[in-house]
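Below are the chains, spelled out letter by letter.
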Amino acid sequence: MTKSVFRPPATALAALAATALAATALVAAATTTASAATGLGQLAAAKGRYIGTALANNHLGESAYATVADREFNSVTPENEMKWDATEPSRGSFSYGGGDAIVNHAQAHGQSVRGHTLVWHSQLPSWVSNGGFNAATLTSIMQNHISNVAGHYKGKLYAWDVVNEAFNEDGTRRQSVFQTTIGDGYIATAFQAARAADPTAKLYYNDYNIEGINAKSTAVYNMVKAFKQQGVPIDGVGFQTHLILGQVPSDLQANLQRFADLGVDVALTEVDVRMQTPADSGKLATQSSNYNALTKACLNVARCVGITLWGVTDKYSWVPDVFPGYGAPLLFDDNYNAKPAYTGMGTALGGTTSSPSPSASPSASPSTSPSSPPGRSCSATYRTVNQWNTGFQGEVTVANTGASAIGGWTVIWAFPNGQTVTQLWNGTLSQSGANVTVRNMSYNGSLAPNASTTFGFTGDWSGANGAPSPVTCAAS
Ligand code: 9MR
């Protein structure tokens, strides 16, 4: 098995060296070793979380953009391609080209997809906002939109931002056309329609300026609490987290936790940390510690499932267009050099930053069984589903065999007859000779006691295709 060791890309080291970043981080960068570059997504996956990015179709043809996106992230959110103006530009006429391209790209690169967004006052075609519909008609237009769009992507998305930005800063409802025409109930109706259209996607309410405890976040909190009491199908709350340099709310973690305690997942869904441009070493160092802090806040909350950056590179960030004089809010600069913020986040995710030592060195110890923390345990059951000339299909069922919920799992086996895995789904593969290690994806790591999940794969064999034994499982 190859141990995950975080190594900033070479460009990140250059960026670090050029800044007055805290001495510890400089030491870290200078002494970090690794056998293979490891992206943020892989680091997060080892903790049962994801690190995602907003992805824009029109930039995917740029090789540096696609390379960084695919290397670093294990989740994507279409930046604009699934919004109402893109998917139903005129009434009853649906177009999915942009969204489909993102989903196909994500599937080809082992990334889960957060759908964004079904009901929002912005990027809403004027046939909806200015149609003059009565409540019954607008309700059915909204239900029809959700049923078509969420239905089109049924089974393919990890989550949907069902309703986006429905509250004002003071905690009152935003006076969108949905609110003024249908009334408060439109949000619950939207969630019910989304559940009916795609029963497996996690359904989120998503908003900005709700990261700290304030009037707006408390209004959302009260809505979620009421939904849980009333049986309205809500699974998560997305905290956009568009921050200003140096202004990570000190109560971010406490706020995430109070929502999680209502029985929903939480996620940071559109993270960026903007600064007045031009950037300088001091600002970049502050930004690095801001990213470090917000990542830790999420990791410290068991139900914080992942973090999405709102873009791959500063070059294409929405920030300078909307906040003139501000920019440089992401992890990679205009030339795709990793910024100190990249290291700030990677370090929080457990990237190795100590001097090389025997225990920190990459090790190959496939015969060692992984171990689980006390109270957490899992089992892995291997089966051959199908077998032909030189190929076969396998499946492993992972079950939580302990009394506590688990947040992630790692399955290890050694093939007895030189078989190799050629493709694997619903898990993250690392393979070294006969030794195979599979970790959960962001969306299937959490298992309640007695719950199980499966991952599948295809492989090559010749001569014999014996089942491996033992197949061990470690829970986290
Ligand atoms: O990043 C998006 C940008 O390309 C669009 O022009 C803009 C239009 O409103 O939307 C941006 O994304 C927004 C997201 O969908 C919802 N939260 C705020 C984001 C930044 O404006």
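Keep in mind it's a predicted model, so treat the numbers as computed, not measured.

With that settled, consider helix 10 (residues 186-197). Under the 1.5 Å per step criterion, the end-to-end length of helix 10 is 16 Å for 12 residues, consistent within 8% with the ideal 16 Å. Every buried residue belonging to helix 10 is among Tyr186, Ile187, Ala188, Ala190, Phe191, Ala193, Ala194 and Ala197, and all of these are buried. Residues of helix 10 that are buried sit in contact with strand 3 (112-119), helix 8 (135-152), strand 4 (159-164), helix 9 (177-182), strand 5 (202-207) and helix 11 (215-230).

Turning our eyes to something else, we now look at the pattern of salt bridges. Following the criterion strictly, the structure yields 10 salt bridges and no others. For Lys315, the salt bridge identified is with Glu62, shortest N-O distance 2.9 Å. One end of the pair, Lys315, is in the loop between strand 9 (304-309) and helix 14 (319-322); the other, Glu62, is in the loop between strand 1 (50-55) and helix 4 (63-72), with 253 residues separating them in the sequence. What makes Glu62 partly exposed here is its relative accessible area of 23%. A salt bridge links Glu72 to Arg71; the shortest N-O distance between them is 2.7 Å. We classify Arg71 as partly exposed; its relative accessible area is 35%. Each of Glu169, Asp207 and Lys216 takes part in a single network of salt bridges with overlapping partners.

With that settled, consider the side chain of Asn440. Checked against the element boundaries, Asn440 lands in the loop between strand 16 (435-439) and strand 17 (452-460). We classify Asn440 as buried; its relative accessible area is 2%. At 2.9 Å, the side chain of Asn440 and the backbone nitrogen of Trp409 are in polar contact. Each residue touching Asn440, except ones within four places of it in the same chain, is listed here: Ala45, Gly48, Gly407, Gly408, Trp409, Thr428 and Gly445.

Most of strand 3 sits out of view: 8 of its 8 residues are buried. Taken together, the 2 bridges between strand 2 (residues 75-78) and strand 3 define a ladder with parallel strand orientation. Within strand 3, the position partnered with Val76 by the bridge is Val113. Across 4 bridges, strand 3 lies against strand 4 in parallel orientation. Bridge pairing links Arg114 to Ala159 in strand 4.

So, about the state of the cysteines. What we call a disulfide is simply a covalent bond connecting the sulfur atoms of a pair of cysteines. A complete count under the given rule lists 2 disulfides for this structure. Two residues, Cys298 and Cys304, share a disulfide whose sulfurs are 2.1 Å apart. On the S-S bond that ties Cys298 to Cys304, the torsion sits near -100°, and the link is left-handed. Considered together, Cys298 and Cys304 belong to a single accessibility category, that of buried residues. In the protein chain, the bonded cysteines, taken in the order they occur along the sequence, pair up as 1-2, 3-4.

What follows is about the site of the ligand. With respect to spatial proximity, 14 residues lie near the ligand, and among them Glu79, Lys83, His116, Glu270 and Trp310 are the closest. One nitrogen or oxygen atom from the side chain of Lys83 is found 2.7 Å from an oxygen atom belonging to the ligand. Note that a nitrogen atom of the ligand is positioned 2.6 Å from one of the side-chain N or O atoms of Glu270. For the ligand, whose free accessible area comes to 450 Å², the fraction covered by protein is 76%. Within the shell around the ligand, the residues separate by chemical class into 3 nonpolar, 7 polar and 4 charged.

It is worth spelling out the sheet that holds strand 12 (residues 391-400) at this point. One open sheet accounts for 4 strands, arranged 11-12-17-14; its pairing is antiparallel. The sheet terminates laterally at strand 11 (378-387) and strand 14 (420-425), the two strands that pair on one side only. Averaged over all pairs of adjacent strands, the angle between strand axes in this sheet comes to 25°, irrespective of strand direction. Across 5 bridges, the pairing between strand 14 and strand 17 is antiparallel. Of the residues in strand 17, the one forming a bridge with Val421 is Gly459.

Within the open sheet, the 4 strands sit side by side as 15-16-13-18. Their pairing is antiparallel. In the strand order of this sheet, the two ends are held by strand 15 (428-432) and strand 18 (472-475), each with one partner. Across the sheet, the mean angle from the axis of one strand to that of its neighbour is 15°, orientation sign disregarded. Bridging between strand 13 (residues 409-414) and strand 18 involves 4 bridges; their strand directions are antiparallel. The residue of strand 18 that forms the bridge with Thr410 is Ala474.

The next point concerns helix 15 (residues 340-348). Burial within helix 15 is extensive, with 8 of its 9 residues counted as buried. Considered for burial, the residues of helix 15 that qualify are Pro340, Ala341, Tyr342, Thr343, Gly344, Met345, Gly346 and Ala348. A positive phi of about 95° marks Gly350, the residue just after helix 15.

Turning our eyes to something else, we now look at the environment of Val398. With respect to the secondary-structure elements, Val398 resides in strand 12. You can call Val398 buried: its relative accessible area is 0%. Separated by 53 residues in the primary sequence, Val398 and Ala451 place their C-alpha atoms 8.5 Å from one another. Aside from chain neighbours lying at most four places away, what touches Val398 is Cys378, Ser379, Trp409, Val411, Leu447, Ala451, Ser452, Thr453, Phe455 and Cys473.

So, on to the packing of aromatic side chains. Summed over all chains, the structure comprises 23 aromatic pairs. Ring geometry for Tyr158 against Tyr443: centres 6.3 Å apart, planes inclined by 40°, an arrangement best described as tilted. Of this pair, Tyr158 sits in the loop between helix 8 and strand 4 while Tyr443 sits in the loop between strand 16 and strand 17, placing them 285 residues apart in sequence. With relative accessibility at 32%, the residue Tyr443 sits in the partly exposed group. Ring geometry for Phe167 and Tyr205: centres 5.9 Å apart, planes at 90°, overall edge-to-face. Taken together, the residues span a long stretch of sequence, with Phe167 in the loop between strand 4 and helix 9 and Tyr205 in strand 5 at a distance of 38 residues. Here Phe167 matches Tyr205 in class, with each residue buried. Ring pairing ties together the aromatic residues Tyr382, Phe392, Trp409, Trp413, Phe415, Phe455 and Phe457, which thus form one cluster. Residue placement shows Arg274 over the ring face of Phe323; its charged tip is 3.8 Å from the ring centre.

Criteria and thresholds
Residues numbered from 1 in each chain as written. Predicted model: local features only at pLDDT ≥ 70, side-chain atom pairs only at ≥ 80, totals over all residues. Heavy atoms only, no water. Helix = DSSP H or I, 4+ residues; strand = E, 2+ residues; numbered from the N terminus. Expected span 1.5 Å × (residues − 1). Buried < 20%, exposed > 50% of the residue type's maximum accessible area, 1.4 Å probe, protein only. Contact = heavy atoms within 4.5 Å. Salt bridge = Lys/Arg side-chain N within 4 Å of Asp/Glu carboxyl O. Polar contact = N/O pair within 3.5 Å; in protein donor to acceptor, adjacent residues only side chain to side chain. Pairing = 2+ DSSP bridges. Disulfide = S-S within 2.5 Å. Near = heavy atom within 4 Å. Areas by Shrake-Rupley, 256 points an atom, 1.4 Å probe, with all protein chains shown as cover. Nonpolar A, V, L, I, M, F, W, Y, C, P; charged D, E, K, R; others polar. Axes fitted to C-alpha atoms, helices over the stretch in contact; angles between N-to-C directions. Phe/Tyr/Trp six-rings, centres within 6.5 Å; stacked < 30°, edge-to-face > 60°. Lys NZ or Arg CZ within 6 Å of the ring centre and 35° of its normal.

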